[in-house]
Structures are given as structure tokens and as C-alpha cells.
Amino acid sequence: MPAATNAAMAATRDLELVIRHVLAGLGHGIHAGRERGAGVEFSEYRAYAPGDEWRRVDWKLLARADRYFVREAERDSHVATWLWLDATASMAEPSRELKGVDKLWFARTALACVAAIAQRQGDAFGLAICSGGKVAFTPADRGPLHLQRVLARLAGAQPDGLPPTAQALKSSLHFTRAPSLVFAATDGLDWHGQSGPSPLSEALLRLRKLHHDVRLLTVRTRAEVDADFPSGAAYRDPEQETGLHRFTKADRVAYLERSAAHFGAIATSCRQHDIVHHEACIEQPLADVLRRWLQKAGAR
Amino acid sequence: MTSSYPWWWLLLPLLLLPIWWHRQKRQRLDAQFLATARFLPAAAPQQLRVWQWRDRLLLLVRCLLLVVLIAWLAVTVLPWRGDTVLVDAGADQAWAARQIADAGMAGARRIDLPPDALAWLRHNQRDWRAGARLLIVAREGQIGMPARAPQFGHAVELRVQAAPNVPPAPATSPVSHRVALSAAPERVQAWRALFAAFDQAGDGAQRYAIAGAPVASTELIVWDTPALAPPADWRAPHWWLGAGSEKAWPELSKATTITINGVTLRYADSPRGRLWTSAAFPPQDAETARALYEAWRLLAVAPAPAYPAPSHKFAMASAAADAKPAYWIAWLLLALFLLERSLTHVRRS
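Report follows, based on the coordinates. Small disclaimer: the values here were computed from a predicted structure and weren't measured. (Residues numbered from 1 in each chain as written. Chains lettered and ligands numbered in written order. Predicted model: local features only at pLDDT ≥ 70, side-chain atom pairs only at ≥ 80, totals over all residues. Heavy atoms only, no water.)

**A word on the packing of aromatic side chains**
- Enumeration over the complete set of coordinates arrives at 21 aromatic pairs over all chains.
- Here the aromatic rings of Y48(A) and Y68(A) are separated by 5.8 Å at their centres, their planes lie at 55°, and the arrangement is tilted. With Y48(A) in the loop between β1 (42-47) and α3 (59-65) and Y68(A) in the loop between α3 and β2 (69-73), this residue pair connects regions lying 20 residues apart in the sequence.
- Exposure remark for Y48(A): the relative accessible area of 25% places this residue in the partly exposed category.
- Between the aromatic rings of W191(B) and F195(B), the centroid separation amounts to 6.4 Å while the plane-to-plane angle is 25°, which identifies the pairing as stacked. (Phe/Tyr/Trp six-rings, centres within 6.5 Å; stacked < 30°, edge-to-face > 60°. Helix = DSSP H or I, 4+ residues; strand = E, 2+ residues; numbered from the N terminus. Buried < 20%, exposed > 50% of the residue type's maximum accessible area, 1.4 Å probe, protein only.)

Quick look at the structure:
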């Protein structure tokens, strides 16, 4: 899939269409047909909702009742999938190559795809959006309607403000009782706070210590990686009120060093805590990035 | 411009202040957002000055406010003078003191008599508080009688010292001027030569009779002995004093300097008459003498008004005051001020 597809996908407002496109590109490499929602132990019937797979519809019951019902199975595991979206102001950084593509779009679409996969597998999935110093929670649930809700929340996320405070995060980590998968998409810029680790990274590390499967995707733009900005202009950090920064050719080396040190520290920290970590550029094809991110977890 | 109030209009350049304030706008140089700006070195904020008008309505109101304020100051007068005596410095001091005491104005403030006193009074009568009285004490001939009785908003009394009665010389014969000369012996000759030259000057119609002491009709006393004081009873309309007379004549310390026809003269009024002094006294050459003659003739053209005013009491004319305080300007000022404050408040909130 060429990289320009990202721009084409970013142009459409229909997140579901994008998901279908991306997942079609993924092929069968991800979920391996383990559909727990359609397990062998029958639990109950429920009314059909758009998005349910046709093969789970009980055709005999349709013939009897003239209504669509879907067989729900007793689940063997109660693994929930949590989608963790960083929607701070720095996520608004656009690609300088692809029009309409920014970091938030990339992270949001990747998480939407994960949600769709989880829904297909019958997993419960919830959403946490970190934006404007707060955490917006969508409780974990199953089903296509829930997917619609989560996709709407993802589509409505706006890049704003600072990452949530330690207090806000602490009150939000109530899902940690049950074992879960945590898919976190961030730009990693808030990984370090003013002194030591930031509340965001601490929360993810704590989740990992509680034996949750944390999978981190750090997204950057190609320009950020290569320090490919117009020199001579003044730059302002979107997450800081004051302070201007300059960029000249002489500052490029120092920038690359500091950037490499920052993201190197993230990689080291993830390795130490056995967190799946994948670095991506938002100019890369989304399907490739998604495949590698998910495959890394499978390889562990 | 006899009144000082129009000078307030010189404050009009103050309008430049609000214009300056409203034109100036500082704007930070446009900075782009960059998520990884934290990896870049900090830069000093650069200011870009963009000139453009801000709050035009407020600017308009402020300019109007200033203009109206200046106009109000220019037309509004706060009366501050009380009872006043206008004293002619050349008048007899004893006589003037008598007149002042007689009018009951001994405690009043005294100011020098300005030229054309009645017109000046009429121009500046707004300065005097209501109920203030004015007394003018002057020699005869110092104040011209206006064609119509001036209307004053205050009680003005004019007391004129009668001049000694001089019979006018017949017009056909040469006009004779009596001159009293008292000079050091080495200078007497120069003075006599000067007046002999004056006799010949022009068409010869002016004659100068030189005497050693003045009489009642003496017009000019030449006193060129600075070391000596003149006799106390010597009086004349004009005195010529030799250079270096400032010690004997304290009035000269306030003398006015004029330069006419290349001759620099200083003059001051005293009870004995108008004192003149110059470094050119007595002229040493014919050229200086001719210049002095020209200058003196020019000065003598209008020594007195055609119709001197006699003593007179001007009653207070209530309708005369043309300086009604401009109330509507004050109200306009107040309204503009309120508007300006409101607009400023709206802008802030």
C-alpha cells in the first residue's frame, strides 16, 4: 500500500471505511481465526445489530421467529482490550509531506483498527482519551454498537492541552483489576516530565507491573525524525504557554542528539519493563505499521 | 492678541498623543507550532511592529475630548483679579497716592498702566472677579477717549492728572521747543552743536531754545552730569540722560530698550517725566546726530492721543460681559468624558 494512501484515507470522514480498507490490507496475519465471541459454549441469544457477522446469525431461529438473532457464546477468557489515545496538543503536528495527515489522525486510525479487530474477535474493548489534562473514559464493552460508539469518540478527539495529571490518571485506572491488553498510541513527547517520568509513562509502567499486556506505538512525523524544518523561523511548543525556539542549520545536530536521546530513553524503558514498543512515522503506510505493531506482540 | 487665553490652542499638538497610542501596535513575530520544539534551543522573542489603527471610535472620542477640553480652556476664564489700581508710572507719585487713598483703594493691588488702557481693560475684564473695582490713575494724555463710552462689567474709575496748561504756539511761526541743558563743560559744546543742527534740520520750522534751567513749558531736559542729581523741582515731559546715569536714576533699571534708525535708546517713566538714555549721548559726529534727529522725530509723532480722556467713572454695565462661560462646551466635555470612559471599559472587558 503506497504511503500516499494515508493522505487519501485522512481525507475521508468515514472511519469505518478506512478500517475496512486497512484491515483488508492486513490480510489474515493478525487474529488467526480465534473468535472467542463465537465460542462453542452457547450462552444466550441477542438481537442482531448491524456489523454483526452473518455467520453468527442463527438461521433456524430466523426461520421460526422471522427475526435475526445472534448466538452469544460463553467466553473462555475475560481479556479486555483498552485503547489509550494521547490527544494532547503536540499530537496536532501535521505531516509536512502528506496533506491532511497529522499524528492524531494516525494514532486514532490505528486504534480504531485495533478496536475493529477486537470487535471481530468478540473481545470487550474500552477507550481512554488523554486530552486537556483529563482522561475521557469509555467503559469496555462488546458488540458492533459499542464499536460505533468508540469510533465516534475516536473521531471526535481533538488535540488539546497537556497530558492528564497524576491525580486524574490514578482515578481512571480502575480497569486494572481484570487482565487486559492496553494499546497505547502517543507521540512520546510527554514520556518525560519536568523531573523524571511523566504521569502518563508512570501509568503505563504501572499497568505493565500489574501484568497487563501494554503495547506502545510512538508516532512521529518524518520531519521530526530528520529535523527537516524550515530554518530561520520561530517555533513554539504547543504544550507550553511561553517560550520561543529557533532552528538554524547549526542547531540541527543538537536537535537530532536530543531527540535520539529522548526516544532512546523511551525504548530503553519499554525494554526494561517488557512493553511492546513500536516506532512509526505517520508517513508510513498505516497497514504496514499496524501489522508490525501487532506482530511484535505476537513474536513476544 | 491681548488676551492670553487663545494661547491654549497651542496645546493642540497634544492630539498626537492618542493618535500615537492608537497607531502603535506591537505584535509578536508569528511563530509556528512544532511539537518537538522542546528539542530546539530557546530564542529571544522577536517583536514585529505593525502599524495599524486600533479602536478607531475610541481614538475619535479621545481626540474630540482633547479638542473640546482645549476649546473650553481657551474660552473659559476663571476670574482671579480683585480690586486693582492701574497706575501710570509717569504720574506724580504724591498725587497718585492721594487719588488712590481718596478712592479707598489703598489696599488694592497695583499694576502698571498698559498702553491703550481702556481697550486692554475691555479685553481682559473677564479676569476680574464680579464686584471688583478698578481705578486708573494716569497723567492727562496717556489715555485716549474712545468714541463711544466703553461698557465694563466692573466699576471702573478713571482719574486723570491735569497737565500744566501750555499755550499752543502760533502755527505760522516756527515751533519753539524749550530745552534745559545741564552738562559737563566739555560736553556742553557737543550738545549745543546738536541742537543747532536740529534747528537747521528739516524745513527749519523747529527751533530749540536752550536754557540753563527749566520753566513750565520746557519739553526736554538734557542732564549730562551723571555724578550730580538734578534739583528736585525740575520737571519736563522728557529727559535725556547721559550714559552712566543708572545710579542717580533707579527708574532706569526697568528701562525698555528700543532701536530706531540705528540708534539704541532706553527709556523709562518716572514722576519727573520720561527718561531717555543712550550710549550715543551726546552724538560725536554729524552722522549720529542725523540718526538721532530722525529717531527723535519718529518718536515724537504720536506722544499723546488726539482726544485725551478726562476723569470719569464708568458704571458697571451688566450686559457688557461678553465672556459668558461656555456651559454647553462644559456639558459636551462631560458627555465625551463619560463616553470615553465607557468605551475604554468596554474595550478592557
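**Some details on the nonpolar core**
- By size, the foremost hydrophobic cluster in this structure holds 50 residues, and its most contacted members are L154(A) and L290(A).
- Take this core: its biggest share by element is 13 residues, from helix α4 (residues 103-121) of chain A.
- Non-local contacts of L290(A), meaning those with residues more than four positions away in its chain, are made with V22(A), L26(A), A110(A), C113(A) and V114(A).
- The next biggest cluster of nonpolar side chains, apart from the first, holds 35 residues, and it includes W82(A), A128(A), Y255(A) and A35(B). (Core = buried A, V, L, I, M, F, W, Y, C linked by side-chain atoms within 4.5 Å. Contact = heavy atoms within 4.5 Å.)

**A short note on the side chain of R220(A)**
All names here are of chain A.
- Along the polypeptide, R220 turns up in strand β7 (residues 213-220).
- Looking at R220, its side chain comes within polar contact range of the side chain of S259, at 2.9 Å.
- Not counting the four nearest positions on each side in its chain, R220 is found in contact with K103, V225, S259, F263, E279, A280, C281, I282 and E283. (Polar contact = N/O pair within 3.5 Å; in protein donor to acceptor, adjacent residues only side chain to side chain.)

**Remarks on the sheet that holds strand β3 (residues 42-43) of chain B**
- The strand order across the open sheet built from four strands is β2(B)-β8(A)-β9(A)-β3(B), with neighbouring strands paired in mixed fashion. In this open sheet, the two strands that pair with only one neighbour each are β2 (31-33) and β3 of chain B. (Pairing = 2+ DSSP bridges.)

**Here's the deal with the packing of α4(A) against helix α5 (residues 144-156) of chain A**
All names here are of chain A.
- Put simply, α4 and α5 touch, their axes get as near as 10 Å, and they point 175° apart. Classified by the interaxial angle, the pair formed by α4 and α5 is roughly antiparallel. On the side of α4, the interface is formed by R108, L111, A112, A115, A116 and Q119, while α5 contributes P144, L147, V150, L151, L154 and A155. (Axes fitted to C-alpha atoms, helices over the stretch in contact; angles between N-to-C directions. Parallel < 35°, antiparallel > 145°, perpendicular 65-115°, else oblique.)

**What about the packing of helix α2 (residues 56-75) of chain B against helix α7 (residues 327-348) of chain B?**
All names here are of chain B.
- Orientation of α2 relative to α7, taken along the N-to-C sense of each, is 155°, at an axis distance of 9 Å. If you check the angle between α2 and α7, you find them roughly antiparallel. As α2 runs across α7, the sense of the crossing is left-handed. Taking contact as the criterion, the partners of L57, L58, V61, R62, L64, L65, V68, L69, W72 and V75 in α2 are, on α7, I329, A330, L332, L333, L336, F337, L339, E340, R341, L343, T344 and R347.
- When its residues are assigned to classes, the contact of α2 with α7 shows 17 nonpolar, one polar and four charged. (Left-handed = near helix turned anticlockwise from the far one by under 90°. Nonpolar A, V, L, I, M, F, W, Y, C, P; charged D, E, K, R; others polar.)

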